[in-house]
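Examining the three-dimensional arrangement
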Amino acid sequence: AILDNFRPITVWVTDLIIFYYINPLFGEVWTTYSYIQIGGMAVLLYGTAIYNAPNDGSLLLEGQWWAFGIDLRDEYDAIRKEKEEAEADAKWEGKRQEFKR
């Protein structure tokens, strides 16, 4: 989902490059409102990173100031434990299959 958020950023930057480096008849000019667009895109990326928590690739939300006090340490610990158990199960299953032979 985070990659989908780079589409509008890429289109906007491409429009700016076209206007300033290729042909000013096309593309988009930088205006005072462009700063608002940058802020909006930052909010979009940040919101997506928080929405995806506690999954891999998301921001770690452990009560930091930028996490607005959201603390998902228990969820992170549960996910780590599930991964460790799945790895241990796979290892033992491999040994069991090896023993059957």
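Everything below is about the structure shown above.
Note that this is a predicted model, so its numbers are computed, not measured.

What counts, and where the lines are drawn
What you see as residue numbers is a count from 1 along each chain, following the sequence as written. Under the rules for a predicted model, residues below a pLDDT of 70 receive no local features and side-chain atom pairs below 80 are neither given nor counted, while totals for whole chains, interfaces and linings still include all residues. Each side-chain value is worked out from all heavy atoms of the structure, with water and hydrogens disregarded. Two distance rules govern patches: like charges are joined within 9 Å, and nonpolar side chains (Val, Leu, Ile, Met, Phe, Trp, Tyr) within 5 Å, applied only to residues with over 30% relative accessible area and no salt bridge. Reported accessibility uses the Shrake-Rupley method at a 1.4 Å probe radius. Residues are deemed covered only where the shown protein chains occlude them. A side-chain nitrogen of Lys or Arg and a carboxyl oxygen of Asp or Glu constitute a salt bridge if their distance falls within 4 Å. The sign given to each residue is positive for Lys and Arg and negative for Asp and Glu; His and the chain ends receive no count. In this description, the location of a charge corresponds to atom NZ of lysine, CZ of arginine, CG of aspartate or CD of glutamate. Secondary structure counts use DSSP, requiring at least four H or I residues in a row for a helix and at least two E residues in a row for a strand, with both numbered from the N terminus. Exposure categories follow from relative accessible area, calculated using a 1.4 Å probe and restricted to protein chains: below 20% of the type maximum is buried, above 50% is exposed, and the middle band is partly exposed. One fewer than the residue count of a helix, multiplied by 1.5 Å, yields its expected span. Directions drawn from the helix axis to the C-beta atoms are what define this arc. Here, residues are in contact when the closest pair of their heavy atoms is within 4.5 Å. We call Phe, Tyr and Trp rings a pair once their centres come within 6.5 Å, taking the six-membered ring for Trp, and we label the pair stacked below 30 degrees between planes, edge-to-face above 60, and tilted otherwise. Polar contact is defined as a pair of N or O atoms within 3.5 Å, subject to the rule that within protein one atom must be able to donate a hydrogen and the other to accept it, and that residues adjacent in sequence are counted only when both atoms are side-chain atoms.

1. Describing a negative patch on the surface
- There is a patch of like negative charges on the surface, built from E82, E84, E85, E87 and D89.
- With respect to the secondary-structure elements, D89 resides in helix α3 (residues 73-100).
- Residue D89 is classed as exposed on the basis of its relative accessible area of 54%.

2. Brief notes about helix α1 (residues 6-22)
- Over its 17 residues, α1 extends 22 Å from the first C-alpha to the last, a length consistent with the 24 Å expected when each residue adds 1.5 Å.
- Among the residues of α1, those classed as buried are I9, W12, L16 and F19. Projected down its long axis, α1 shows its buried positions confined to an angular sector of 100°, all on one face. The exposed set on the far side of α1, more than 90 degrees from its buried face, consists of R7, Y21 and I22.
- The secondary structure elements touched by the buried residues of α1 are α2 (34-51).

3. Notes on the packing of aromatic side chains
- A full pass over the atoms with the stated rule returns four aromatic pairs.
- Here the aromatic rings of W30 and Y35 are separated by 5.2 Å at their centres, their planes lie at 90°, and the arrangement is edge-to-face.
- A residue is classified by how much of its surface remains accessible, and W30, at 33% relative accessible area, is partly exposed.
- What makes Y35 exposed here is its relative accessible area of 56%.
- Feature note: the residues W12, W30 and Y35 constitute an aromatic cluster, connected by ring pairs.

4. Points about the side chain of T48
- Within the secondary structure layout, T48 lies in helix α2.
- Residue T48 is classed as buried on the basis of its relative accessible area of 13%.
- A distance of 2.6 Å separates polar atoms of two side chains, one belonging to T48 and the other to N5.

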